[in-house]
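# Overview (structure and organization)
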Amino acid sequence: MSNKYDNRGWSVNRKVIFLDLDGVLCDFDRQFKTHAISKDITLSSKNVSNLPAEWWESMPWTPWGKELYQYAYTRCYTCILTSHASEESAIGKIRWIKREIGNSDYMLASPKWAAGSPNSLLIDDTHKKISRFVMAGGRGHLFISSDINRCYECIDTFIKYP
């Protein structure tokens, strides 16, 4: 089988691991609890879209985030795939990625399913996003923090098998 290449010179058969930011690499819940603007704020898209860039930029890593990123990055082409609720969240997330990871490739995409392909794996903590990604042709792993080893097994299986 010969390799075909896209317009960037990448093999079209190249495998890609997409890692979600909020809840997988960044501790969104801890950030929200620690830096709630007022007691009236609840976790809803409406409220999240009003948060400033600095709030998103200052999110802490999850306890497993750095290790998970390194695990994926050292085994396969890895890209951060995150959605954004507003221009402020996009700015803050890009700053976070550049400061914490450096030259990592990233995509700000709503919807995430648009990146789905047979050679792609999305690791995300939202069932709906995983389902749509899989329906678009990609593979998905619903991230559950209490079972990080299962996530590593999923990565290894994705890399090992076509």
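Look a little higher up for the structure.
Below, the structure is looked at part by part. In this text, all values refer to a predicted model and were calculated from it rather than measured experimentally.

Along the backbone of the protein chain there are seven helices and five strands. Counting from the amino terminus, the protein chain carries its helices and strands in the arrangement β-α-α-α-α-β-α-β-β-α-β-α. Relative to its 162 residues, the protein chain shows a buried fraction of 43%. Taking all contacts inside the protein chain whose residues are at least 6 apart in sequence as the whole, residues at least 24 apart take part in 66%.

Of the two faces of strand β1 (residues 16-19), the one holding Val 16 and Phe 18 and the one holding Ile 17 and Leu 19 are both buried throughout. Pairing of β1 with strand β2 (residues 77-82) involves four bridges; the strand directions are parallel. Looking at β2, one finds that Val 16 is bridged to Tyr 77. Strand direction decides the pairing type here: β1 and strand β4 (residues 120-124), joined by four bridges, are parallel. From the neighbouring strand, Phe 18 faces β4, where its bridge partner is Leu 122.

What follows covers the side chain of Ser 120. Checked against the element boundaries, Ser 120 lands in strand β4. When its relative accessible area of 1% is taken as the criterion, Ser 120 is described as buried. A polar contact is formed between the side chain of Ser 120 and the backbone oxygen of Ser 117, at a distance of 2.7 Å.

By the definition in use, this model includes 10 aromatic pairs. Relative to Phe 133, the ring of Phe 18 lies with its centre 6.1 Å away and its plane at 75°, an arrangement referred to as edge-to-face. With Phe 18 in strand β1 and Phe 133 in helix α6 (residues 127-135), this pair connects stretches of sequence that are 115 residues apart. Accessibility expressed as a relative area gives 6% for Phe 18, which makes it buried. Residues Tyr 71 and Tyr 152 carry aromatic rings whose centres are separated by 4.3 Å and whose planes lie at 35° to one another, so their mutual orientation is tilted. Of the two residues, Tyr 71 is situated in helix α4 (residues 65-73) and Tyr 152 in helix α7 (residues 148-160); the sequence distance between them amounts to 81 residues. Its relative accessible area of 16% is what places Tyr 71 among the buried residues. Take Tyr 152: its relative accessible area is 9%, and that puts it in the buried class. Against the face of Tyr 77 rests Arg 14, its NZ or CZ located 4.0 Å from the ring centre. Lys 15 extends its terminal NZ or CZ atom over the ring of Phe 158, reaching a point 4.8 Å from the ring centre.

This part is about the nonpolar core. Ile 17, Leu 19, Leu 25, Leu 68 and Ile 123 are the most contacted members of the largest nonpolar core, which has 33 residues in total. Looking at this core, the elements that each hand over two or more residues are β1, α1 (28-34), α3 (53-57), α4, α5 (87-100), β4 and α7. Of the residues forming this core, the biggest block, six residues, is contributed by α7. Those residues in contact with Ile 17 that sit more than four places away from it in its chain are Ala 72, Cys 76, Tyr 77, Thr 78, Cys 79, Leu 121, Ile 123, Ile 155, Phe 158 and Ile 159. Counting residues in hydrophobic clusters, the runner-up holds 10 residues, among them Phe 18, Cys 79, Ala 109 and Phe 133.

Okay, the pattern of salt bridges next. Going through the model one piece at a time under the given rule, you end up with nine salt bridges. The closest approach of N and O atoms between Arg 95 and Glu 57, which form a salt bridge, is 3.4 Å. Of the two residues, Arg 95 sits in helix α5 while Glu 57 sits in helix α3, which places them 38 residues apart along the sequence. Taking the relative accessible area as the measure of exposure, Glu 57 reaches 21% and is therefore partly exposed. Of the charged contacts, one joins Lys 112 and Asp 124 as a salt bridge, the two residues approaching to 2.5 Å between their closest N and O atoms. With Lys 112 in the loop between β3 (105-108) and β4 and Asp 124 in strand β4, the pair connects residues that are 12 residues apart, well separated along the chain. You can call Lys 112 buried: its relative accessible area is 5%. Salt bridges sharing common partners tie together Glu 54, Glu 57, Arg 95, Arg 99 and Glu 100.

Procedures and definitions
- Residue positions are given per chain, counted from 1 along the sequence in the order it is written.
- Only residues with pLDDT of at least 70 get local features here, since the model is predicted, and only at 80 or more are side-chain atom pairs given and counted; chain-wide, interface and lining totals rely on the full set of residues.
- Side-chain measures were taken over the full set of non-hydrogen atoms in the model, leaving aside hydrogen atoms and water.
- Helix numbering and strand numbering both begin at the N terminus, where a helix is a DSSP run of H or I of at least 4 residues and a strand a DSSP run of E of at least 2.
- Exposed residues in this analysis have more than 50% of their type's maximum accessible area, buried residues have under 20%, and partly exposed residues fall in between, with area computed by a 1.4 Å probe over protein chains only.
- The contact criterion used is simple: two residues touch if any of their non-hydrogen atoms lie within 4.5 Å.
- Two strands make a pair as long as DSSP finds a minimum of two bridges between them.
- Two N or O atoms count as a polar contact when they lie within 3.5 Å, although within protein this holds only if one can serve as hydrogen donor and the other as acceptor, and sequence-adjacent residues are included solely when both atoms are side-chain atoms.
- Pairing of aromatic rings covers Phe, Tyr and Trp, the last through its six-membered ring, and needs centres within 6.5 Å; plane angles under 30 degrees mean stacked, over 60 mean edge-to-face, and all others mean tilted.
- Cation placement over rings: the criterion is NZ of Lys or CZ of Arg within 6 Å of the ring centroid and within 35° of the ring normal.
- By convention a nonpolar core is built from buried Ala, Val, Leu, Ile, Met, Phe, Trp, Tyr and Cys residues, the set being connected through side-chain atoms within 4.5 Å.
- A carboxyl oxygen of Asp or Glu within 4 Å of a side-chain nitrogen of Lys or Arg is what we treat as a salt bridge.

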